[in-house]
Amino acid sequence: MLLAHREILIKGSRGMDFLRRTIVRKVVAAADRGNPLARALVRRETRKVYDALPAQSNIVRDDLLIPDFTRPLPAAQQGGPMGDHELVPLDKHPVRAEHLVGREVHGIATMLGSYGMGSYGFLGVDLGEVWLILPIYNAAEWVCLDGRILQDLREDAAQPWIVNGDDSALLERVCGGRVTSVRLAAKSFALTLDNGAVLEITEDPAKRPGQRGNGKPRVLLPDEDLSQEVFLSPTPEIYI
């Protein structure tokens, strides 16, 4: 986290006069050495930068690709960052509750949506023949299970379901459960299972973890409708 603050401040210092730029770099260097006052100053100044940024969407609307498993790439081209098969466009359609009710949950993945060198962090629910996909950047930091966040990487975070990459408790809670009801709304989402488990994005942003860096609530923009963005995919292997 401190490394991210460091990069933001150094980049921001390029437009400053020489004296202030020198001071910023000295403060950052002191923070790197562990000086508590310098670390606090870095966090404070970084928060100012974040606060000045315009609101940005957390929903990823880019065109998506999935592999055509009937068309493998030549052996020499396999093993690359974009998979081993030719890619075709994913035809997305809005999800309706009747598509989901009665289906069994086989698993959950939180790092879907690859761009070759990393992941956007879509959340996918394995429903057997299809995957339910929430195309939100770092979706596990938005979604709760039984009122407890799936993942929270802030330094002062309460205990999330996923800790140090270990999602075994999460999988144990949901796997084998069948969907009994679905709520798809503009600013919220809920998937209720017959074992009592509830996966949801709450309507109230105050009940979601604050954003890393500035602590601001995670909000959807006024013109965004989450119910129109959630989609089904035949595979979790999704590329942007």
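Preceding block: the structure.
Concerning the nonpolar core
Nonpolar side chains in soluble globular proteins generally cluster together in the buried interior. Formed by 33 residues in total, the largest nonpolar core has its most connected members in Val125, Leu132, Leu150 and Leu191. Counting only elements with at least two residues in this core, the list comes to β4 (119-126), β5 (131-134), α4 (168-174), β8 (179-184), β9 (189-193) and β10 (198-201). Considering every element that reaches this core, the biggest residue donor is β9, with three residues. Setting aside residues up to four positions removed in sequence, Leu132 forms contacts with Val95, Leu100, Leu123, Gly124, Val125, Leu127, Phe189, Leu191, Val230, Phe231 and Leu232. Of all hydrophobic cores here, the second largest spans 11 residues; its members include Leu64, Leu90, Leu112 and Phe231.

Description of the packing of aromatic side chains
As enumerated under the stated definition, the model contains three aromatic pairs in all. Their ring planes at 80° and their centres at 6.4 Å tell us that Tyr120 and Tyr137 sit as a pair that is edge-to-face. Separated by 17 residues along the polypeptide, Tyr120 in strand β4 and Tyr137 in the loop between β5 and β6 (144-145) bring together distant segments of the chain. Taking the relative accessible area as the measure of exposure, Tyr137 reaches 42% and is therefore partly exposed. Through a chain of ring-to-ring contacts, three or more aromatic side chains come together here, namely Tyr115, Tyr120, Phe122 and Tyr137. Here the basic side chain of Arg148 rests over the ring of Trp161, its NZ or CZ set 4.1 Å away from the ring centre.

Thresholds, definitions, all that
- Residues numbered from 1 in each chain as written.
- Predicted model: local features only at pLDDT ≥ 70, side-chain atom pairs only at ≥ 80, totals over all residues.
- Heavy atoms only, no water.
- Core = buried A, V, L, I, M, F, W, Y, C linked by side-chain atoms within 4.5 Å.
- Buried < 20%, exposed > 50% of the residue type's maximum accessible area, 1.4 Å probe, protein only.
- Helix = DSSP H or I, 4+ residues; strand = E, 2+ residues; numbered from the N terminus.
- Contact = heavy atoms within 4.5 Å.
- Phe/Tyr/Trp six-rings, centres within 6.5 Å; stacked < 30°, edge-to-face > 60°.
- Lys NZ or Arg CZ within 6 Å of the ring centre and 35° of its normal.

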